[in-house]
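# Observations on the three-dimensional arrangement
The residues making up each chain are set out below.
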Amino acid sequence: MLKVNGARLWSSLMEMAAVGGTPKGGVRRLALTEEDAAGRALFARWCEEAGMTLNTDRVGNLFARRAGKSAEARPVASGSHLDTQPEGGRFDGVYGVLAALEVVRTLNDAGIETDKPIEIVVWTNEEGARFTPAMLGSAAFAGVMPLEQALGARDAQGISVADALAATGYAGERAIPGAPFDAYFEAHIEQGPILEENGVPIGVVTGGQAIRWLDVRVEGQAAHAGTTPMRFRRDALFAAAEMATWLETLVDGFAPHGLVTVGEIGIRNAARNTIAADLTFTVDLRHHEDAFIAKMEAALRTRFAEIAARRGLTVQIDQHWVSPATPFDAACVKAVADAVAALDYPHQRIVSGAGHDAIHIAKHGPTAMIFIPCVNGLSHNEAEDALPEDVTRGADVLLHAMLARAK
(Lines give C-alpha, C1' and ligand atoms only; values in the text may rest on other atoms or scores of the structure.)
Protein backbone atom coordinates (compact mmCIF):
# COMPACT_ATOMS: atom_id res chain seq x y z
CA MET A 1 0.00 0.00 0.00
CA LEU A 2 1.31 3.45 -0.94
CA LYS A 3 2.92 5.32 1.95
CA VAL A 4 4.81 8.57 2.37
CA ASN A 5 8.54 8.94 2.89
CA GLY A 6 8.60 9.54 6.63
CA ALA A 7 12.31 10.34 6.80
CA ARG A 8 11.94 13.02 4.13
CA LEU A 9 8.96 14.56 5.90
CA TRP A 10 10.82 14.63 9.23
CA SER A 11 13.87 16.22 7.58
CA SER A 12 11.68 18.95 6.07
CA LEU A 13 10.06 19.63 9.45
CA MET A 14 13.46 20.00 11.11
CA GLU A 15 14.78 22.28 8.34
CA MET A 16 11.70 24.50 8.63
CA ALA A 17 12.10 24.56 12.43
CA ALA A 18 15.48 26.24 11.98
CA VAL A 19 13.72 29.26 10.41
CA GLY A 20 13.07 31.44 13.43
CA GLY A 21 14.46 28.77 15.73
CA THR A 22 14.90 29.70 19.41
CA PRO A 23 17.73 28.72 21.79
CA LYS A 24 15.40 26.38 23.68
CA GLY A 25 14.52 24.40 20.56
CA GLY A 26 11.27 26.15 19.73
CA VAL A 27 10.30 28.54 16.96
CA ARG A 28 9.39 32.24 16.75
CA ARG A 29 7.83 33.00 13.35
CA LEU A 30 5.16 35.63 13.94
CA ALA A 31 2.78 36.26 11.05
CA LEU A 32 4.10 38.38 8.17
CA THR A 33 7.46 39.08 9.80
CA GLU A 34 10.85 38.49 8.16
CA GLU A 35 10.95 35.03 9.75
CA ASP A 36 7.51 34.12 8.42
CA ALA A 37 8.51 35.36 4.97
CA ALA A 38 11.66 33.21 5.14
CA GLY A 39 9.59 30.16 6.07
CA ARG A 40 7.21 30.83 3.19
CA ALA A 41 10.15 31.23 0.80
CA LEU A 42 11.57 27.86 1.85
CA PHE A 43 8.18 26.21 1.41
CA ALA A 44 7.74 27.90 -2.00
CA ARG A 45 11.12 26.59 -3.17
CA TRP A 46 10.19 23.05 -2.16
CA CYS A 47 6.86 23.35 -4.00
CA GLU A 48 8.53 24.61 -7.16
CA GLU A 49 10.97 21.71 -6.99
CA ALA A 50 7.91 19.43 -6.77
CA GLY A 51 6.54 20.95 -10.00
CA MET A 52 3.84 23.06 -8.38
CA THR A 53 2.74 26.58 -9.28
CA LEU A 54 2.20 29.26 -6.62
CA ASN A 55 -0.03 32.27 -6.13
CA THR A 56 -1.26 34.44 -3.28
CA ASP A 57 -4.60 36.01 -2.43
CA ARG A 58 -5.28 39.52 -1.19
CA VAL A 59 -4.84 38.65 2.48
CA GLY A 60 -1.59 36.77 1.91
CA ASN A 61 -2.83 33.18 1.92
CA LEU A 62 -0.34 31.19 -0.16
CA PHE A 63 -1.49 28.45 -2.57
CA ALA A 64 0.67 25.80 -4.27
CA ARG A 65 -1.08 23.84 -7.03
CA ARG A 66 -0.38 20.42 -8.52
CA ALA A 67 -2.28 20.09 -11.78
CA GLY A 68 -4.86 17.35 -12.26
CA LYS A 69 -6.28 15.77 -15.40
CA SER A 70 -9.22 18.17 -15.22
CA ALA A 71 -8.14 21.81 -15.16
CA GLU A 72 -11.74 22.88 -14.48
CA ALA A 73 -12.30 20.67 -11.44
CA ARG A 74 -12.20 22.20 -7.99
CA PRO A 75 -8.99 21.26 -6.20
CA VAL A 76 -8.65 18.90 -3.27
CA ALA A 77 -6.79 21.05 -0.77
CA SER A 78 -4.75 20.56 2.36
CA GLY A 79 -2.56 22.74 4.53
CA SER A 80 -2.35 24.76 7.72
CA HIS A 81 -0.07 27.62 8.79
CA LEU A 82 3.60 28.49 9.17
CA ASP A 83 3.25 31.32 11.71
CA THR A 84 3.86 30.45 15.35
CA GLN A 85 3.37 31.70 18.87
CA PRO A 86 6.10 34.02 20.25
CA GLU A 87 7.63 30.96 21.91
CA GLY A 88 6.06 28.24 19.78
CA GLY A 89 6.92 24.71 18.78
CA ARG A 90 8.15 22.88 15.70
CA PHE A 91 4.90 21.13 14.73
CA ASP A 92 1.87 23.35 15.38
CA GLY A 93 0.60 24.31 11.93
CA VAL A 94 3.77 23.53 10.00
CA TYR A 95 3.06 19.80 10.25
CA GLY A 96 -0.14 20.21 8.24
CA VAL A 97 1.65 22.23 5.56
CA LEU A 98 4.58 19.85 5.16
CA ALA A 99 2.47 16.69 5.45
CA ALA A 100 0.51 18.01 2.45
CA LEU A 101 3.79 18.69 0.63
CA GLU A 102 4.88 15.13 1.40
CA VAL A 103 1.63 13.86 -0.15
CA VAL A 104 2.52 15.66 -3.37
CA ARG A 105 6.09 14.40 -3.31
CA THR A 106 4.83 10.85 -2.78
CA LEU A 107 2.42 11.13 -5.71
CA ASN A 108 5.27 12.44 -7.85
CA ASP A 109 7.52 9.55 -6.82
CA ALA A 110 4.78 7.05 -7.71
CA GLY A 111 3.93 8.75 -11.00
CA ILE A 112 0.29 9.17 -9.98
CA GLU A 113 -1.80 11.79 -11.78
CA THR A 114 -5.04 12.68 -10.03
CA ASP A 115 -8.24 13.66 -11.81
CA LYS A 116 -8.66 16.79 -9.69
CA PRO A 117 -5.92 19.31 -8.95
CA ILE A 118 -4.32 19.33 -5.51
CA GLU A 119 -3.59 22.55 -3.65
CA ILE A 120 -1.52 23.15 -0.53
CA VAL A 121 -2.51 26.24 1.46
CA VAL A 122 -0.50 28.31 3.93
CA TRP A 123 -3.04 30.39 5.83
CA THR A 124 -2.09 33.86 7.08
CA ASN A 125 -1.99 34.68 10.81
CA GLU A 126 -3.60 31.53 12.15
CA GLU A 127 -2.14 31.97 15.61
CA GLY A 128 -3.43 35.46 16.29
CA ALA A 129 -0.20 36.14 18.18
CA ARG A 130 0.62 39.24 16.11
CA PHE A 131 -2.77 40.27 14.70
CA THR A 132 -6.19 39.48 16.16
CA PRO A 133 -8.36 37.62 15.72
CA ALA A 134 -6.72 34.25 15.18
CA MET A 135 -7.32 32.36 11.92
CA LEU A 136 -7.56 35.69 10.13
CA GLY A 137 -6.51 34.49 6.67
CA SER A 138 -8.89 31.56 6.53
CA ALA A 139 -11.71 33.73 7.90
CA ALA A 140 -11.26 36.20 5.04
CA PHE A 141 -10.97 33.39 2.48
CA ALA A 142 -14.21 31.79 3.71
CA GLY A 143 -16.09 35.10 3.80
CA VAL A 144 -16.44 34.96 7.58
CA MET A 145 -14.51 38.24 7.89
CA PRO A 146 -14.67 41.16 5.42
CA LEU A 147 -11.41 41.75 3.57
CA GLU A 148 -11.24 45.36 4.77
CA GLN A 149 -11.44 44.23 8.39
CA ALA A 150 -8.71 41.63 7.87
CA LEU A 151 -6.38 44.09 6.14
CA GLY A 152 -7.05 46.73 8.80
CA ALA A 153 -6.12 44.56 11.80
CA ARG A 154 -3.10 46.04 13.60
CA ASP A 155 -0.39 44.62 15.81
CA ALA A 156 0.86 46.11 19.08
CA GLN A 157 3.13 48.52 17.16
CA GLY A 158 0.25 49.81 15.04
CA ILE A 159 1.36 48.00 11.87
CA SER A 160 -1.63 46.78 9.85
CA VAL A 161 -1.95 43.49 8.00
CA ALA A 162 -1.98 45.52 4.77
CA ASP A 163 1.31 47.18 5.77
CA ALA A 164 2.89 43.83 6.66
CA LEU A 165 1.73 42.25 3.39
CA ALA A 166 3.32 45.07 1.44
CA ALA A 167 6.54 44.83 3.44
CA THR A 168 6.89 41.07 2.93
CA GLY A 169 5.68 41.01 -0.68
CA TYR A 170 2.71 38.75 0.00
CA ALA A 171 -0.09 41.09 -1.07
CA GLY A 172 -1.50 38.92 -3.88
CA GLU A 173 -4.29 39.25 -6.44
CA ARG A 174 -6.28 36.05 -5.92
CA ALA A 175 -9.85 36.94 -4.98
CA ILE A 176 -11.24 37.15 -1.43
CA PRO A 177 -13.52 35.41 -0.52
CA GLY A 178 -11.98 32.47 -2.33
CA ALA A 179 -13.62 29.84 -4.49
CA PRO A 180 -14.61 26.74 -2.48
CA PHE A 181 -12.45 23.62 -2.67
CA ASP A 182 -13.77 20.22 -3.69
CA ALA A 183 -12.58 19.19 -0.22
CA TYR A 184 -10.15 20.43 2.41
CA PHE A 185 -8.18 18.14 4.74
CA GLU A 186 -5.96 19.45 7.52
CA ALA A 187 -3.45 17.36 9.46
CA HIS A 188 -2.42 18.70 12.87
CA ILE A 189 -0.95 17.72 16.19
CA GLU A 190 -3.75 17.29 18.74
CA GLN A 191 -2.34 19.97 21.10
CA GLY A 192 -3.79 18.02 24.01
CA PRO A 193 -3.17 14.74 25.88
CA ILE A 194 -6.12 12.56 24.84
CA LEU A 195 -4.60 10.54 21.99
CA GLU A 196 -1.33 9.96 23.83
CA GLU A 197 -3.16 9.00 27.04
CA ASN A 198 -5.24 6.47 25.11
CA GLY A 199 -2.26 5.11 23.18
CA VAL A 200 -3.89 5.97 19.84
CA PRO A 201 -1.79 7.37 16.96
CA ILE A 202 -4.61 8.85 14.85
CA GLY A 203 -7.57 11.03 15.72
CA VAL A 204 -10.42 11.18 13.21
CA VAL A 205 -11.70 14.68 13.92
CA THR A 206 -15.47 15.06 13.63
CA GLY A 207 -15.64 18.81 14.22
CA GLY A 208 -14.55 21.75 16.33
CA GLN A 209 -15.95 22.90 19.65
CA ALA A 210 -17.57 26.26 20.29
CA ILE A 211 -15.31 29.11 21.40
CA ARG A 212 -16.16 32.50 22.88
CA TRP A 213 -13.61 35.19 23.68
CA LEU A 214 -14.82 37.85 26.12
CA ASP A 215 -13.20 41.15 27.10
CA VAL A 216 -13.96 42.16 30.70
CA ARG A 217 -13.40 45.64 32.14
CA VAL A 218 -13.74 46.27 35.88
CA GLU A 219 -13.77 49.88 37.10
CA GLY A 220 -13.46 50.98 40.70
CA GLN A 221 -11.74 53.96 42.28
CA ALA A 222 -8.07 54.84 42.54
CA ALA A 223 -6.93 55.77 46.04
CA HIS A 224 -3.83 55.85 48.22
CA ALA A 225 -2.60 52.41 49.30
CA GLY A 226 -1.46 53.61 52.70
CA THR A 227 -4.30 55.86 53.81
CA THR A 228 -7.47 54.13 52.57
CA PRO A 229 -9.01 51.60 55.00
CA MET A 230 -10.01 48.31 53.41
CA ARG A 231 -13.73 48.87 54.02
CA PHE A 232 -13.63 52.07 51.94
CA ARG A 233 -11.87 50.56 48.95
CA ARG A 234 -13.35 49.90 45.53
CA ASP A 235 -10.46 47.73 44.34
CA ALA A 236 -10.78 46.51 40.76
CA LEU A 237 -8.04 43.90 41.16
CA PHE A 238 -9.58 42.14 44.14
CA ALA A 239 -12.93 42.10 42.31
CA ALA A 240 -11.31 40.66 39.20
CA ALA A 241 -9.51 38.08 41.31
CA GLU A 242 -12.82 36.94 42.79
CA MET A 243 -14.35 36.74 39.33
CA ALA A 244 -11.43 34.72 37.95
CA THR A 245 -11.42 32.34 40.90
CA TRP A 246 -15.16 31.74 40.50
CA LEU A 247 -14.64 30.68 36.86
CA GLU A 248 -13.27 27.33 38.04
CA THR A 249 -16.55 26.76 39.85
CA LEU A 250 -18.42 27.68 36.68
CA VAL A 251 -16.78 25.01 34.53
CA ASP A 252 -17.23 22.35 37.21
CA GLY A 253 -20.92 22.52 36.33
CA PHE A 254 -20.17 21.86 32.66
CA ALA A 255 -17.66 19.02 33.05
CA PRO A 256 -16.03 17.36 31.25
CA HIS A 257 -16.34 19.54 28.13
CA GLY A 258 -16.50 23.01 29.70
CA LEU A 259 -13.20 24.92 29.65
CA VAL A 260 -12.24 28.43 30.75
CA THR A 261 -9.00 30.42 30.58
CA VAL A 262 -7.99 33.91 31.68
CA GLY A 263 -5.10 34.60 29.33
CA GLU A 264 -4.46 38.33 29.63
CA ILE A 265 -4.83 40.88 32.44
CA GLY A 266 -3.83 44.51 32.69
CA ILE A 267 -4.18 47.49 35.04
CA ARG A 268 -4.41 50.92 33.45
CA ASN A 269 -2.20 53.61 35.05
CA ALA A 270 -0.81 51.05 37.45
CA ALA A 271 1.35 52.20 40.37
CA ARG A 272 2.74 50.26 43.30
CA ASN A 273 1.12 52.45 45.95
CA THR A 274 -2.22 53.11 44.22
CA ILE A 275 -5.36 50.95 44.50
CA ALA A 276 -6.22 49.47 41.09
CA ALA A 277 -9.17 51.33 39.60
CA ASP A 278 -9.35 50.26 35.95
CA LEU A 279 -8.58 46.67 35.06
CA THR A 280 -9.17 44.53 31.99
CA PHE A 281 -8.89 40.79 31.48
CA THR A 282 -9.83 38.23 28.87
CA VAL A 283 -11.94 35.11 29.23
CA ASP A 284 -11.76 32.17 26.81
CA LEU A 285 -14.81 29.86 27.06
CA ARG A 286 -15.04 26.52 25.23
CA HIS A 287 -17.55 23.68 25.00
CA HIS A 288 -18.54 21.03 22.46
CA GLU A 289 -22.09 22.39 22.20
CA ASP A 290 -23.39 25.87 21.44
CA ALA A 291 -26.28 25.61 23.90
CA PHE A 292 -23.96 24.89 26.81
CA ILE A 293 -21.42 27.59 26.00
CA ALA A 294 -24.32 30.07 25.85
CA LYS A 295 -25.33 28.97 29.35
CA MET A 296 -21.74 29.37 30.53
CA GLU A 297 -21.60 32.95 29.25
CA ALA A 298 -24.99 33.81 30.74
CA ALA A 299 -23.93 32.48 34.16
CA LEU A 300 -20.65 34.41 33.92
CA ARG A 301 -22.44 37.68 33.18
CA THR A 302 -24.81 37.23 36.10
CA ARG A 303 -22.07 36.34 38.59
CA PHE A 304 -19.68 39.09 37.49
CA ALA A 305 -22.47 41.68 37.83
CA GLU A 306 -23.21 40.44 41.35
CA ILE A 307 -19.56 40.65 42.40
CA ALA A 308 -19.18 44.14 40.97
CA ALA A 309 -22.37 45.42 42.62
CA ARG A 310 -21.42 44.02 46.02
CA ARG A 311 -18.03 45.71 45.84
CA GLY A 312 -19.34 49.03 44.49
CA LEU A 313 -17.70 48.70 41.09
CA THR A 314 -18.88 48.51 37.49
CA VAL A 315 -18.18 45.69 35.05
CA GLN A 316 -18.45 45.67 31.26
CA ILE A 317 -18.34 42.42 29.28
CA ASP A 318 -17.94 42.45 25.49
CA GLN A 319 -17.76 39.56 23.05
CA HIS A 320 -14.43 39.80 21.23
CA TRP A 321 -14.87 36.72 19.02
CA VAL A 322 -17.39 33.89 18.70
CA SER A 323 -16.84 30.61 16.87
CA PRO A 324 -19.84 28.24 16.94
CA ALA A 325 -19.43 24.49 17.26
CA THR A 326 -18.61 23.24 13.76
CA PRO A 327 -19.34 19.71 12.54
CA PHE A 328 -17.11 18.52 9.70
CA ASP A 329 -18.43 17.13 6.43
CA ALA A 330 -19.61 13.52 6.81
CA ALA A 331 -18.12 12.39 3.49
CA CYS A 332 -14.73 13.91 4.28
CA VAL A 333 -14.71 12.42 7.78
CA LYS A 334 -15.54 9.06 6.18
CA ALA A 335 -12.64 9.46 3.75
CA VAL A 336 -10.31 9.90 6.72
CA ALA A 337 -11.87 6.97 8.59
CA ASP A 338 -11.66 4.75 5.52
CA ALA A 339 -8.00 5.67 5.04
CA VAL A 340 -7.22 4.77 8.66
CA ALA A 341 -9.04 1.47 8.31
CA ALA A 342 -7.21 0.60 5.09
CA LEU A 343 -3.87 1.39 6.73
CA ASP A 344 -4.92 -0.55 9.85
CA TYR A 345 -3.80 2.21 12.21
CA PRO A 346 -5.40 2.39 15.68
CA HIS A 347 -7.62 5.47 15.89
CA GLN A 348 -10.47 7.19 17.69
CA ARG A 349 -13.00 9.89 16.88
CA ILE A 350 -12.31 13.21 18.56
CA VAL A 351 -13.61 16.77 18.66
CA SER A 352 -11.04 19.52 18.20
CA GLY A 353 -10.56 21.58 21.34
CA ALA A 354 -8.43 24.21 19.60
CA GLY A 355 -9.45 26.58 16.86
CA HIS A 356 -8.07 25.75 13.42
CA ASP A 357 -8.29 27.17 9.92
CA ALA A 358 -10.36 24.10 9.06
CA ILE A 359 -13.13 25.45 11.30
CA HIS A 360 -13.58 28.44 9.00
CA ILE A 361 -13.12 26.42 5.82
CA ALA A 362 -15.84 24.01 6.98
CA LYS A 363 -18.30 26.88 6.62
CA HIS A 364 -17.18 27.30 3.00
CA GLY A 365 -16.93 23.72 1.75
CA PRO A 366 -16.43 20.03 2.68
CA THR A 367 -13.75 19.72 5.35
CA ALA A 368 -12.19 17.25 7.79
CA MET A 369 -9.12 17.01 10.01
CA ILE A 370 -6.59 14.39 11.09
CA PHE A 371 -4.91 14.55 14.50
CA ILE A 372 -1.71 12.92 15.67
CA PRO A 373 -0.49 12.87 19.30
CA CYS A 374 1.98 15.40 20.67
CA VAL A 375 4.32 14.44 23.48
CA ASN A 376 2.75 15.08 26.90
CA GLY A 377 -0.09 16.88 25.14
CA LEU A 378 2.09 19.99 25.08
CA SER A 379 1.68 22.77 22.49
CA HIS A 380 2.16 26.55 22.24
CA ASN A 381 5.46 25.83 23.97
CA GLU A 382 9.08 25.59 22.84
CA ALA A 383 9.18 22.02 24.19
CA GLU A 384 6.36 20.92 21.85
CA ASP A 385 7.26 17.56 20.29
CA ALA A 386 5.89 14.66 18.25
CA LEU A 387 7.18 11.18 17.48
CA PRO A 388 8.48 10.52 13.95
CA GLU A 389 6.32 7.42 13.59
CA ASP A 390 3.17 9.39 14.46
CA VAL A 391 4.15 12.16 12.05
CA THR A 392 4.50 9.55 9.29
CA ARG A 393 1.25 7.74 10.05
CA GLY A 394 -0.73 10.97 10.01
CA ALA A 395 0.69 11.84 6.59
CA ASP A 396 -0.16 8.33 5.33
CA VAL A 397 -3.79 8.91 6.35
CA LEU A 398 -3.79 12.33 4.70
CA LEU A 399 -2.40 10.82 1.50
CA HIS A 400 -5.16 8.25 1.15
CA ALA A 401 -7.98 10.57 2.23
CA MET A 402 -6.89 13.08 -0.43
CA LEU A 403 -6.43 10.37 -3.06
CA ALA A 404 -9.94 9.06 -2.42
CA ARG A 405 -11.34 12.53 -3.08
CA ALA A 406 -9.02 13.46 -5.94
CA LYS A 407 -9.56 10.14 -7.72
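Our subject in this report is the structure included herewith. (Residues numbered from 1 in each chain as written. Predicted model: local features only at pLDDT ≥ 70, side-chain atom pairs only at ≥ 80, totals over all residues. Heavy atoms only, no water.)

Right, let's talk about the pairing of strand E5 (residues 183–189) for a bit. Among the seven residues that make up E5, seven are buried, leaving the element largely enclosed by the rest of the structure. Alternating positions in E5 separate into two faces, Ala-183, Phe-185, Ala-187 and Ile-189 on one and Tyr-184, Glu-186 and His-188 on the other, with burial throughout. Bridge analysis of strand E3 (residues 76–80) against E5 gives three bridges, and the strand direction is parallel. Across the sheet, Ala-77 pairs through a bridge with Tyr-184, a residue of E5. Judged from the six bridges that link them, E5 and strand E14 (residues 367–372) form a sheet pairing that is parallel. Paired with Phe-185 across the strands is Ala-368, a residue of E14. (Buried < 20%, exposed > 50% of the residue type's maximum accessible area, 1.4 Å probe, protein only. Helix = DSSP H or I, 4+ residues; strand = E, 2+ residues; numbered from the N terminus. Pairing = 2+ DSSP bridges.)

With that settled, consider helix H12 (residues 388–406). Look at H12: 27 Å from first C-alpha to last across 19 residues, which is about the 27 Å you get at 1.5 Å a residue. With 14 of 19 residues buried, H12 is to be regarded as a mostly interior element. Residue Lys-407 follows H12 closely and has a positive phi angle near 65 degrees. (Expected span 1.5 Å × (residues − 1).)

One can describe the packing of helix H10 (residues 330–343) onto H12 by two numbers: an axis separation of 8 Å at closest approach and a directional angle of 125 degrees. The orientation of H10 with respect to H12, classified from their angle, is oblique. The handedness of the crossing between H10 and H12 is right-handed. From H10, Ala-331, Cys-332, Ala-335, Val-336, Ala-339, Val-340 and Leu-343 reach across to H12, where they touch Asp-396, Val-397, His-400, Ala-401 and Arg-405. Of the residues that constitute the contact of H10 with H12, the class distribution is nine nonpolar, one polar and two charged. (Axes fitted to C-alpha atoms, helices over the stretch in contact; angles between N-to-C directions. Parallel < 35°, antiparallel > 145°, perpendicular 65-115°, else oblique. Left-handed = near helix turned anticlockwise from the far one by under 90°. Contact = heavy atoms within 4.5 Å. Nonpolar A, V, L, I, M, F, W, Y, C, P; charged D, E, K, R; others polar.)

Turning our eyes to something else, we now look at the nonpolar core. Of all hydrophobic cores here, the largest spans 92 residues; its most connected members are Phe-43, Leu-98 and Phe-185. Among the elements that line this core, the one with the most residues is helix H3 (residues 94–110), at ten residues. Core analysis: the next-biggest nonpolar cluster, separate from the first, contains 25 residues, Ala-236, Met-243, Leu-250 and Ile-307 among them. (Core = buried A, V, L, I, M, F, W, Y, C linked by side-chain atoms within 4.5 Å.)

What follows is about unusual backbone geometry. Negative phi characterises most residues that are not glycine, and trans characterises most peptide bonds. A cis geometry characterises the amide bond from Thr-132 onward to Pro-133, with omega recorded as 5 degrees. Position of Pro-133 relative to the elements: it lies in the loop between strand E4 (118–122) and helix H4 (136–141). Residue Pro-177 is bonded to the preceding Ile-176 through a cis peptide linkage, with omega at -5 degrees. Along the chain, the position of Pro-177 falls in the loop between helix H6 (161–168) and E5.

Checked against the element boundaries, Thr-392 lands in helix H12. The class for Thr-392 is buried, based on a relative accessible area of 19%. Excluding anything up to four places from it in sequence, Thr-392 contacts Val-4 and Gly-6.

Let us look at the packing of H3 against H12. At a minimum axis separation of 9 Å, H3 and H12 run at an interaxial angle of 60 degrees. Accordingly, the angle class assigned to the pair H3 and H12 is oblique. Crossing handedness for the pair H3 and H12: right-handed. Contacts between H3 and H12 involve Tyr-95, Ala-99, Ala-100, Val-103, Thr-106 and Leu-107 from the former and Asp-390, Val-391, Gly-394, Ala-395, Leu-398, Leu-399, Met-402 and Leu-403 from the latter. The residue makeup of the contact of H3 with H12, split by class, is eleven nonpolar, two polar and one charged.

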